[in-house]
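These are the residues of each chain, in order.
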Amino acid sequence: MASKFYIDNLAKHVGQTVTLQGWLYNLRSSGKIKFLLLRDGTGVCQGVMVKSVVGEEMFAKADQLTQESAFAMTGTVRAEQRAPGGFEMDVTNIEIISVAKEYPITPKEHGVEFLADRRHLWLRSSRQHAIMRVRHEIIRSIREFFAGRGFTLLDAPIFTPAACEGTSTLFETDYFDLGKAYLTQSGQLYGEAGAMALGKVYVFGPTFRAEKSKTRRHLTEFWMVEPEVAFNDLNDNMDLAEDFLEHIVSNVLKNRMPELKTLERNIQKLEAVKRPFPRITYDQAVEILQKNGVAFEWGNDLGATDETIISEQFDRPVFVHRYPSEVKAFYMKRDPQNPKVALAVDVLASEGYGEIIGGSQREDDYDVLLQRLKDHDLPQEAFDWYLDLRRFGSVPHSGFGLGIERTVSWICGLEHVRETIPFPRMIYRITP
RNA sequence: UCCGCGGUAGCUCAAUGGCAGAGCAUGCGGCUGUUAACCGCAGGGUUGUAGGUUCGAGCCCUACCCGCGGAGCCA
């Protein structure tokens, strides 16, 4: 098979005659010259077709091309200052592969609902390309980070017999003769089993929440990466999260600058994401809120507006640790110094993007954990295997979960997480 | 579930209670360097639904439907 040519590789083919295959992004024409913008997924290249060069027939052929028609364009590659990508093609021939019907997404503005209904087509636009590439870079960086530190990927099941945390509303389904099954809301408990087996593991997969949340930060189906490490305490956990976030952001800056430019992201704000990140206790967070005139009572969980106020005090992500144990999950270990607080930690992204990481040191004592299950009215049978992890060689261990879509949204500087995943699932949207 | 905002041409939007419009898209014509190209012409409407007030309703009133994003909950 003959080698293919792609737009992101044109620099190596200046002066050569090549053929590009793709779709018509836009067409501008005068009486004797046409500018054909071809996109091939790697970029957009402008082809210049001159009537006196290609002849009457070929020149007229280009008139059949509607927006998003598929075609092949052959010509000589030339460096061109005026072209956005730096290169142009002097077209000698085009082959029409398929003529597109009237394309609904025009180069002008559209509303989000209109675009969401056509998400399968919306993905062709340059802004969505940029977001998908940044998402790809983030996920690639995550795998690279853990692989480089000796972690093993541990895939957790999607079908689970009961709630992991006992708080969220879960999607329910029938599971043959075994009764109800639920779509996972977290792979963490399985990650803990993995950490006891392999030391350092990470779970990476989709998670599901049936809560009727209608905000720019919520999806019903989203991706989460959850490292879990044996013998790590809360401070080790924060060290890991700090290294992790810095690694991700620096990789995006290093490898996806053109995409960030397309998204008009403020680069300085991302460049500020360097270790060390500030670490404040919940108590200190409450002080910040009270200083800013919020009537906040100790013991409540931080709300979305509270998180925004706190994150605005810093130029980089901030750790908030040692929350009141009442508002946190059953498996989080209480602070031996102060049993009223849990060894929990959240990371609030800068610029008001909210909670991107939630984690904790886990309760490793069998009797305490059993009591916590009872306190939360959780079915003990379903957690019997989890209690085994405390029966057989229990050790201190910690982990956290990072929401991929919120991270993409923050790094790209987006208004809404719906653009961060190819096909978002929200309470009132399951298509396309 | 609660609070707020919205629904007018294919799309984005305008229209003191007084002839329903513009830009883009589409079609036709023009233009040899365009960058969301430009210029000219044309087609395109049950103003979310059902009632009500009024000489007259896109606009005011009532109910309903749909959507949006915020709260709660969370990543």
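Positions within a chain are numbered from 1, following the residues in the order the chain's sequence is written. Each chain takes a letter, starting from A, and each ligand takes a number, starting from 1, following the order in which they are written. Given that this is a predicted model, residues contribute local features only at a pLDDT of at least 70 and side-chain atom pairs are listed and counted only at 80 or more, while totals for whole chains, interfaces and linings are drawn from all residues. The side-chain quantities take in all heavy atoms of the structure and omit both hydrogens and water.

Draft legend 1. Examining the overall build of chain A more closely. The numbering of helices and of strands both runs from the N terminus, where a helix is a DSSP run of H or I of at least 4 residues and a strand a run of E of at least 2. Along its length, chain A carries 13 helices and 18 strands. Projecting the C-alpha coordinates of chain A onto the three principal axes gives extents of approximately 85 × 55 × 40 Å. Residue contacts are defined here by distance: any two heavy atoms, one from each residue, within 4.5 Å place the two residues in contact. In chain A, 66% of the contacts between residues at least 6 apart in sequence involve partners at least 24 apart. Summed over its atoms, the accessible surface of chain A is roughly 20800 Å², and 51% of this surface lies on carbon and sulfur atoms. Residue-level accessible areas treat just the shown protein chains as cover; the underlying method is Shrake-Rupley with a 1.4 Å probe.

Draft legend 2. Structural context of helix H1 (residues 51-61). Residue exposure (1.4 Å probe, protein chains only): buried if accessible area is under 20% of the type maximum, exposed if over 50%, otherwise partly exposed. Every buried residue of H1 is accounted for by Val54, Met58 and Phe59. Taken around the axis of H1, the buried residues stretch over an arc of 120 degrees, which confines them to a single face. The exposed set on the far side of H1, more than 90 degrees from its buried face, consists of Ser52, Glu56 and Glu57. Where H1 is buried, its residues meet strand E2 (33-39), strand E3 (44-50) and strand E5 (87-98). To obtain the arc, one takes the directions from the helix axis to the C-beta atoms.

Draft legend 3. Here's a closer look at the environment of aspartate 233. With respect to the helices, strands and loops of the structure, aspartate 233 is situated in the loop between strand E11 (221-230) and helix H6 (234-255). Polar side-chain contacts of aspartate 233 include one of 3.1 Å to the backbone nitrogen of asparagine 235. Two N or O atoms count as a polar contact when they lie within 3.5 Å, although within protein this holds only if one can serve as hydrogen donor and the other as acceptor, and sequence-adjacent residues are included solely when both atoms are side-chain atoms.

Draft legend 4. Expanded view of the protein's contact with RNA strand B. Throughout, the term near means that a residue has one or more heavy atoms lying within 4 Å of the molecule or strand in question. Around RNA strand B there are 49 residues in total, and Asn26, Glu88, Arg209, Arg216 and Arg406 lie nearest to it. Taking the atoms of RNA strand B that fall within 4 Å of the protein, sugar and phosphate contribute 51% of them. Arginine 406 has a polar side-chain atom sitting 2.2 Å from a sugar or linking oxygen of RNA strand B. Elements that contribute at least two residues to the surface near RNA strand B include exactly strand E1 (17-29), E2, E3, helix H2 (112-117), E11, strand E17 (354-361) and strand E18 (397-403). Of the residues forming the surface near RNA strand B, the biggest block, four residues, is contributed by E17. Throughout, the ten residues Ala, Val, Leu, Ile, Met, Phe, Trp, Tyr, Cys and Pro are labelled nonpolar, Asp, Glu, Lys and Arg are labelled charged, and all others, Gly among them, are labelled polar. Residues belonging to the surface near RNA strand B are distributed by class as follows: 12 nonpolar, 17 polar and 20 charged.

Draft legend 5. Quick look at the side chain of glutamate 137. Mapped onto the secondary structure, glutamate 137 falls in helix H4 (residues 126-148). According to the relative accessible area criterion, glutamate 137 is buried, its value standing at 2%. Discounting chain neighbours no more than four positions away, the residues touching glutamate 137 are Asn251, Val252, Asn255 and Arg256.

Draft legend 6. Up close: the sheet that holds strand E12 (residues 279-281). If you walk across this open sheet you meet the eight strands as E6-E10-E11-E18-E17-E16-E13-E12, and the pairing is mixed. The sheet is open, and its two borders are formed by strand E6 (152-153) and E12, each paired with just one other strand. A pair of strands is treated as paired once DSSP finds two or more bridges between them. Across three bridges, E12 lies against strand E13 (residues 318-321) in parallel orientation. The residue of E13 that forms the bridge with arginine 279 is phenylalanine 319. Set on the sheet, H6 makes contact with E11, E12, E13, strand E16 (344-349), E17 and E18; between it and E18 the angle comes to about 30 degrees. To get an axis, a line is fitted to the C-alpha atoms, and for a helix only the part in contact is used. The angle between two axes follows their N-to-C directions and goes from 0 to 180 degrees. Here helix H9 (residues 282-291) sits on the sheet and contacts E12 and E13; the angle it forms with E12, its principal contact strand, is near 85 degrees.

Draft legend 7. Inspection of the domain arrangement of chain A at higher detail. Domain boundaries shown here were taken from an automatic or database domain assignment. Each assigned domain of chain A is listed here: domain 1 (7-98) and domain 2 (119-420). Opposite the six residues of domain 1 that make contact, domain 2 presents five residues. By convention, the term buried area covers the 1.4 Å-probe accessible surface removed from two parts as they join, with the contributions of both added. For the pairing of domain 1 and domain 2, the buried interface totals around 390 Å² over both sides, and the portion due to carbon and sulfur atoms is 38%. On the domain 1 side of the contact with domain 2, Tyr25, Arg39 and Gly41 bury the most area, a combined 74% of that side's loss. By definition here, a salt bridge exists when the distance from a side-chain nitrogen of Lys or Arg to a carboxyl oxygen of Asp or Glu is within 4 Å. In this assembly, domain 1 and domain 2 are joined by one salt bridge. For arginine 124, the salt bridge goes to glutamate 68, with nearest N and O atoms at 2.9 Å. If you look at where domain 1 meets domain 2, you find two residue pairs in polar contact (both at pLDDT 80 or more).

Draft legend 8. Region of interest: the sheet that holds E3. Around the barrel, which closes on itself, the five strands sit in the order E1-E2-E3-E5-E4 with mixed pairing between neighbours. Each neighbouring strand pair of the sheet contributes to a mean axis angle of 55 degrees, computed without reference to strand direction. Sheet topology note: the E2/E3 ladder contains seven bridges and is antiparallel. Bridge pairing links leucine 36 to glycine 47 in E3.

Draft legend 9. View of the side chain of glutamate 88. By the element assignment, glutamate 88 lies in strand E5. Residue glutamate 88 is classed as buried on the basis of its relative accessible area of 7%. A polar side-chain atom of glutamate 88 sits 3.0 Å from a polar atom in the side chain of glutamine 46. For glutamate 88, the residues in contact, after removing those within four places along its chain, are Cys45, Gln46, Val48, Thr76, Val77, Arg78, Glu80 and Ala83.

Draft legend 10. Spatial organisation of the pairing of E13. On E13, burial covers both faces: Val318 and Val320 on one face and Phe319 and His321 on the other are all buried. Of the strand pairs in this sheet, E13 and E16 are connected by four bridges, and their pairing is antiparallel. Across the sheet, residue valine 320 finds its bridge partner in E16, namely aspartate 346.

Draft legend 11. Main features of the environment of tyrosine 386. Mapped onto the elements, tyrosine 386 comes out in helix H12 (residues 384-391). Beyond its immediate chain neighbours, meaning those up to four positions away, tyrosine 386 contacts Gln188, Leu189, Glu192, Phe330, Tyr331 and Leu369. A polar contact is formed between the side chain of tyrosine 386 and the side chain of arginine 390, at a distance of 3.2 Å.

Draft legend 12. Focus on H9. Listed as buried for H9 are Tyr282, Ala285, Val286, Ile288 and Leu289. Along the axis of H9, the buried residues cluster in a sector spanning 160 degrees; they form a single face.

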